[in-house]
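Structural overview for review
Chain residues, written in single-letter form:
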Amino acid sequence: MRFKHAMAACSVAVAALLVPLAATPAAAATPTTGDSVQATDYSYYGSFEIGWRIDKLDPVKITLKDTKTDGYAVGARLITNGQNGKIVWRMRTIPSGQDTASWTTYAAPGGWISSAYFEICKVKVSTGALSYCDTTRVMHNPISDENNVPFPG
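Since the model is a prediction, treat every value here as computed from it, not as a measurement.

So, the overall build of the protein chain
A tally of regular secondary structure across the protein chain gives one helix and 10 strands. When the elements of the protein chain are put in sequence order from the N terminus, they spell out α-β-β-β-β-β-β-β-β-β-β. When burial is assessed residue by residue, the protein chain has 30% of its 153 residues classed as buried. A total accessible area of about 9400 Å² is found for the protein chain, and carbon and sulfur atoms account for 57% of it.

Written out as structure tokens, the structure reads:
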């Protein structure tokens, strides 16, 4: 009888050790933020979603829609602020003749990121010049502390 009680106690102890291992941070969902922008003249639309990690944004999802054939392309770019200052990432544009495009990418500037937002712009096809841009709201890092102190290690 003593053996059965010892086995039961051992089983409970092993279960108590294994359950927390199943709920490690790697198994937790990545915190995400998102926003969208539509031009006042309804010529374009963009939606954006950011997956926040300690030292990078992954995934970064961008969807653009160009609704007018007006000699302008539509482009979007990510802008981040953090340990390495303000970084304006590469503009992604909808190819000529296509009305919708989506990208899934990441941003790893080499340090913590405190905030991010997107610019969505009309780009003159013949010159590549930006006509005007709208911005999303600024999205703040949900896993950073108030002082934006980088995590050790």
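So that's the structure; there's more coming.
Here we look at the pattern of salt bridges
Under the defined criterion, the tally for this structure stands at four salt bridges. Across the salt bridge formed by Asp99 and Lys65, the nearest N and O atoms sit 3.7 Å from each other. With Asp99 in the loop between strand 6 (92-93) and strand 7 (100-107) and Lys65 in strand 3 (residues 57-66), this residue pair connects regions lying 34 residues apart in the sequence. Residue classification places Asp99 among the partly exposed positions, given a relative accessible area of 41%. Take Lys65: its relative accessible area is 34%, and that puts it in the partly exposed class.

What to know about the layout of surface pockets
Its boundaries defined by the atoms lining it, the largest pocket holds a volume of some 250 Å³. Forming the walls of the largest pocket are 18 residues, and the residues nearest its centre are Asp66, Tyr72, Ala73, Ser96 and Val125. When residues in the lining of the largest pocket are grouped by element, the largest group, three residues, is from strand 4 (residues 72-82). Taken together, the residues that form the lining of the largest pocket break down as seven nonpolar, seven polar and four charged.

Re the environment of Ile79
Note that Ile79 resides in strand 4. Sequence separation between Ile79 and Arg90 is 11 residues, and the spatial gap between their C-alpha atoms is 9.2 Å.

Focus: the nonpolar core
Ranked by internal contacts, the top residues of the largest apolar core, which has 22 residues, are Ile50, Leu57, Ile62, Leu64 and Phe118. Listed by contribution, the elements that provide at least two residues to this core are strand 2 (44-52), strand 3, strand 4, strand 7 and strand 8 (113-124). In this view, Ile62 contacts Ser47, Phe48, Ala76, Arg92, Ala101, Ser102, Trp103 and Phe118; residues no more than four positions away in its chain are not counted.

The rules behind the values
- Residues numbered from 1 in each chain as written.
- Predicted model: local features only at pLDDT ≥ 70, side-chain atom pairs only at ≥ 80, totals over all residues.
- Heavy atoms only, no water.
- Helix = DSSP H or I, 4+ residues; strand = E, 2+ residues; numbered from the N terminus.
- Buried < 20%, exposed > 50% of the residue type's maximum accessible area, 1.4 Å probe, protein only.
- Areas by Shrake-Rupley, 256 points an atom, 1.4 Å probe, with all protein chains shown as cover.
- Salt bridge = Lys/Arg side-chain N within 4 Å of Asp/Glu carboxyl O.
- 1 Å grid on protein atoms, 1.4 Å probe; cavity = no way out; pocket = protein on both sides within 12 Å on 5 of 7 lines; lining within 4 Å.
- Points joined across faces, edges and corners; volume = space filled by probe spheres on them.
- Nonpolar A, V, L, I, M, F, W, Y, C, P; charged D, E, K, R; others polar.
- Core = buried A, V, L, I, M, F, W, Y, C linked by side-chain atoms within 4.5 Å.
- Contact = heavy atoms within 4.5 Å.

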